[in-house]
Protein chains: 2
Amino acid sequence: MTVHGVTPFNAEPPRAALADRVLTPLDAFYSRNHGPIPALDPGGWRLRVDGLVGRTSSWSLTELRDRFGSHSETATLQCAGNRRAGLVEVRDIPGEAPWGPTATATARWTGVRLADVLDDAGVDPAATDVAFLGTDVSEAATPPQEFGGSIPLRKARMPEVLLAWEMNGEPLPPVHGAPVRVVVPGYIGARSVKWVHRVTVADRPSQNFFQTSTYRLLPPDVDPARTAPGDGVALGLVAVNADFLAPDDGAEVDCGPTRVTGYAFAGGDRTVVRVDVSPDGGSSWIQADLGEQAGTWAWRHWSATVDVRPGEQLVLARAWDSSAALQPADPASVWNPKGYANNSWARLRLRGRSAHTA
Amino acid sequence: MTVHGVTPFNAEPPRAALADRVLTPLDAFYSRNHGPIPALDPGGWRLRVDGLVGRTSSWSLTELRDRFGSHSETATLQCAGNRRAGLVEVRDIPGEAPWGPTATATARWTGVRLADVLDDAGVDPAATDVAFLGTDVSEAATPPQEFGGSIPLRKARMPEVLLAWEMNGEPLPPVHGAPVRVVVPGYIGARSVKWVHRVTVADRPSQNFFQTSTYRLLPPDVDPARTAPGDGVALGLVAVNADFLAPDDGAEVDCGPTRVTGYAFAGGDRTVVRVDVSPDGGSSWIQADLGEQAGTWAWRHWSATVDVRPGEQLVLARAWDSSAALQPADPASVWNPKGYANNSWARLRLRGRSAHTA
């Protein structure tokens, strides 16, 4: 793993660890944290459900499972900072980790449906949002506070949103939110709050620091040190995105037909319907072969064969989602002061090694 | 109106007719048809609901309204061919009307919720899609057939999807689907089937010509005359888009500060959160002032003041939606053989007239 920070622990795997498989092994799943990892006793864990509900309630893990049954969804999580390194190449982004393209991963999540828990509590007609609060305390917040965030009630009522205790058939590891985390498919990873202990129904978005003051898209000319809560736009849904997984960026490869692979992902209820690959920096394009679509909420792997010639070569990839949305070409056009949501075309620099120089 | 065809009737208004108002007057609402306008007697109209339902049913307009009540939504419709003219400038698109930027409009729609009608019928668990069939027969289809299309069941169950008999408080005019049309907010206009007489729940998308063989995104190198049903990707959700409404493209205007206005729209459940305007062809950008957001399903008007200088000047606009998706810059990157879904940056050519030449 490339470790961007030890405490809080932030790390992403090498590209090859994600290549050619829909489900990501737990040890290759990126880790993005804002405070120390809590060590929680599953037997003592409880979830409080409160706010604009008919009945405030509190649940143990066993009670949740017994009452609402278990459901599974295959879903990709993507950090809002994924591919920030591509923005840093345009203009420096001080104080933010230069995540590469692997702050995204996919698991089969198992838990109860948040919708069922909300139905049981009885949602007030005035409610518009559902907030989550984790157990991890972030010293990076102003003031220091438990990590939190919210999603629209409309999304919270969808069957794919889970309070999950398993990923890929194994109990959640502590670093991924044990004993229970929220999983909000199609939204930035930050909304899938780990170590969740409270669900609050409200008539406005969460007032947590990580909803009001960070994970926000700011205009390029704004100094993030001088913003007020609510400035910019809260991130949530994930726009169509893609990157290469093999070969590595900057790799030297033998000249001739070379297989390139990658992932593409579309948030919300959109799916990836096409991926184009250019072997020559955008002069010509071929269509990639698309891998399995493991449900609405999962990324899609793809591959293409490009002809590698001697010397430097820029290979591009761009994905289309089911709304016919294409990624924007230029990282400069999406640059923003906190370096979020880089979904510009993927760039892979290869160096062709000809047979007689090998 | 610019009339692209008389029978079927296809027309769009001048830009100015859409400027600076959220709701579009009925006489400025674009018209896209595939056959002659049916003349239907509202008293004799019936809607059949069939397919994968517990109970096939048939409803008069009065029965629908009495049983399910009336609901209203403000929603923008956008033709999949909107802004095709910008693609034609890249490469000709024979046989398709060169729609400008006004094949989109917004109304306050009133009708029953499709979700309520489906609940009443009882949807089979195997169902995945809901198909609509209109009364208009299209000779352009192979073979000639009533116009139809489908949407995913998940969308059909959302409260914003209506079987509507009013727009802007007036009965639907015949050209807009009287007595009843479907309104699918956030989807291409083609799925809002007019003169609807049948709703069919199914386990696959509609097999109607307008679902399987047109309104599909084809790769650029495909000859649309040689495609088979199912080729390419069915359009549905609408990607973030924008264009100018004033001044007119190519206008000669006095030099100095000039107000430019336009619309922006994001399909699905996304909204427009930011619009950037460049007075100088993309060298610099300012943020437009955003108008009212009349609910999740409506476009958003915007305005900005740019400094017009003597001579030719290219003004650009680009919108961002609530997933942080930005429109792609280049119409060439989104060009496709049928000319659908052009959501590249809006371009406005102005000619600055200096005071002493006026």
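No experiment lies behind these values; they were computed from the predicted model shown. (Residues numbered from 1 in each chain as written. Chains lettered and ligands numbered in written order. Predicted model: local features only at pLDDT ≥ 70, side-chain atom pairs only at ≥ 80, totals over all residues. Heavy atoms only, no water.)

Novice: Would you mind going over the interface of chain B and chain A with me for this structure?
Specialist: Much of the literature gives interface size as the accessible area that the parts lose upon coming together. The interface of chain B with chain A comprises 36 residues on the first partner and 36 residues on the second. When chain B packs against chain A, the two sides together hide about 2,700 Å² of surface, and 58% of this comes from carbon and sulfur. If you sort the residues of chain B by the area they bury against chain A, Arg154, Leu237 and Arg270 of chain B come out on top, with a joint share of 22%. Counting across the chain B and chain A interface gives four salt bridges. Here Glu160 of chain B and Arg154 of chain A are joined by a salt bridge, their closest N and O atoms 2.8 Å apart. Counting every contact that joins chain B to chain A gives four residue pairs in polar contact (both at pLDDT 80 or more). Contributions of two or more residues to the side of chain B that touches chain A are made by β14 (233-234), β18 (272-278), β22 (311-321) and α6 (331-334) of chain B. In terms of residue class, the side of chain B that touches chain A is built from 22 nonpolar, eight polar and six charged. (Contact = heavy atoms within 4.5 Å. Buried area = accessible area lost by both parts, 1.4 Å probe. Salt bridge = Lys/Arg side-chain N within 4 Å of Asp/Glu carboxyl O. Polar contact = N/O pair within 3.5 Å; in protein donor to acceptor, adjacent residues only side chain to side chain. Helix = DSSP H or I, 4+ residues; strand = E, 2+ residues; numbered from the N terminus. Nonpolar A, V, L, I, M, F, W, Y, C, P; charged D, E, K, R; others polar.)

Novice: Whenever I open this one, the relation of the copies chain B and chain A confuses me. Can you help?
Specialist: Between the two copies of the chain lies a relationship made up of a rotation around an axis and a movement along it. Superposing chain B onto chain A takes a rotation of 180° plus a shift of 0.0 Å along the axis, which leaves an RMSD of 0.0 Å. What we have between these two chains is a two-fold relation. Judged by C-alpha distance, Pro328 of chain B is the residue of chain B that lies nearest the rotation axis, at 2.2 Å. The share of interface residues of chain B whose copies in chain A are also at the interface is 100%, consistent with both copies meeting through the same surface. (Least-squares fit on C-alpha atoms with pLDDT ≥ 70 in both.)

Novice: Hey, could you run me through the domain arrangement of chain A in this one?
Specialist: Residue and element names in this part refer to chain A. For chain A, the assigned domains read domain 1 (2-234) and domain 2 (241-353). A C-alpha centroid distance of 26 Å is found between domain 1 and domain 2. Contacts between the two partners involve 44 residues from domain 1, matched on the other side by 36 residues from domain 2. A combined buried area of about 3,400 Å² lies between domain 1 and domain 2, and 56% of that area is made up of carbon and sulfur atoms. The largest per-residue losses of area from domain 1 upon contact with domain 2 belong to Arg15, Arg83 and Leu87, which jointly make up 23% of the total buried on that side. Run the count over domain 1 and domain 2 and you get six salt bridges. A salt bridge links Lys338 to Glu96; its shortest N-O distance comes to 2.9 Å. Our count for the domain 1 to domain 2 interface comes out at 26 residue pairs in polar contact (both at pLDDT 80 or more). Put simply, the parts of the chain that give the side of domain 1 that touches domain 2 at least two residues each are β5 (71-78), α2 (84-88), β6 (104-113) and β13 (216-217). By residue number, the principal contributor to the side of domain 1 that touches domain 2 is β5, which donates five residues. For the side of domain 1 that touches domain 2, the class distribution of residues is 19 nonpolar, 12 polar and 13 charged. (Domains from an automatic or database assignment.)

Novice: Help me understand the packing of aromatic side chains in this model?
Specialist: Centre distance and the angle of the planes are the two values used to describe a pair of aromatic rings. Residue and element names in this part refer to chain B. Per the counting criterion, the structure on display carries 18 aromatic pairs over all chains. Measuring from ring centre to ring centre gives 5.0 Å for Trp59 and Phe68, while their planes differ by 55°; the resulting arrangement is tilted. The exposure class assigned to Trp59 is buried, which follows from its relative accessible area of 7%. Considering the side-chain rings of Trp285 and Trp345, the 5.1 Å spacing of their centres and the 85° angle between planes classify their relative orientation as edge-to-face. Here Trp285, found in the loop between β18 and β19 (286-287), pairs with Trp345, found in the loop between α6 and β23 (346-353); they are 60 residues apart in sequence, far enough to count as distant. For Trp285, a relative accessible area of 25% puts it in the partly exposed group. Residue Trp345 is classed as buried on the basis of its relative accessible area of 12%. (Phe/Tyr/Trp six-rings, centres within 6.5 Å; stacked < 30°, edge-to-face > 60°. Buried < 20%, exposed > 50% of the residue type's maximum accessible area, 1.4 Å probe, protein only.)

Novice: So what exactly am I meant to see when it comes to the pattern of salt bridges here?
Specialist: Charged atoms that come close allow side chains of opposite charge to pair. Taken as a whole, this structure holds 46 salt bridges over all chains when the rule is applied. Here Arg349 of chain A makes a salt bridge to Asp249 of chain A, at a shortest N to O gap of 2.7 Å. With a gap of 100 residues between them, Arg349 of chain A in strand β23 (residues 346-353) and Asp249 of chain A in the loop between β15 (241-246) and β16 (252-254) connect regions that are remote in the sequence. When its relative accessible area of 32% is taken as the criterion, Arg349 of chain A is described as partly exposed. Relative accessible area serves as the criterion here: at 29%, Asp249 of chain A is assigned to the partly exposed category. Two residues, Arg349 of chain B and Glu89 of chain B, come together in a salt bridge whose shortest N-O distance is 3.4 Å. In this pair, Arg349 of chain B is assigned in strand β23 and Glu89 of chain B in the loop between α2 (84-88) and β6 (104-113), connecting sequence segments 260 residues apart. Take Glu89 of chain B: its relative accessible area is 55%, and that puts it in the exposed class. Each member of the salt-bridge network shares a partner with another, and the members are Arg15, Arg83, Asp243 and Asp248 of chain A.

Novice: Teacher, can you tell me more about the packing of helix α1 (residues 61-68) of chain B against helix α3 (residues 114-121) of chain B here?
Specialist: Any two packed helices are characterised by the angle at which their axes cross and by the distance between the axes. Residues and elements named next belong to chain B. It is the contact of α1 with α3, at a shortest axis distance of 11 Å, that shows an interaxial angle of 90°. Of the possible angle classes, the one that applies to α1 and α3 is roughly perpendicular. Residue-level inspection shows Leu64, Arg67 and Phe68 of α1 in contact with α3, the latter providing Asp116, Val117 and Asp120. Grouping the constituent residues of the contact of α1 with α3 by class yields three nonpolar, no polar and three charged. (Axes fitted to C-alpha atoms, helices over the stretch in contact; angles between N-to-C directions. Parallel < 35°, antiparallel > 145°, perpendicular 65-115°, else oblique.)

Novice: I keep staring at the side chain of Asp50 of chain B and nothing clicks. Help me out?
Specialist: Residues and elements named next belong to chain B. Relative to the helices and strands, Asp50 is located in strand β3 (residues 46-51). On the accessibility criterion, Asp50 (4% relative accessible area) is buried. At 2.8 Å, the side chain of Asp50 and the side chain of Arg198 are in polar contact. Separated by 2.6 Å, the side chains of Asp50 and Thr200 make a polar contact. Setting aside residues up to four positions removed in sequence, Asp50 forms contacts with Thr56, Arg198, Val199, Thr200 and Val201.

Novice: Sorry if this is basic, but what is going on with the side chain of Asn208 of chain B here?
Specialist: All names here are of chain B. As for its position among the elements, Asn208 is in the loop between β12 (196-202) and α5 (209-212). Classification of Asn208 by relative accessible area gives buried; the value is 7%. Within the structure, the side chain of Asn208 is placed 3.4 Å from the side chain of Gln145, a separation counted as a polar contact. Non-local contacts of Asn208, meaning those with residues more than four positions away in its chain, are made with Leu133, Gln145, Glu146, Phe147, Gly148 and Gly149.

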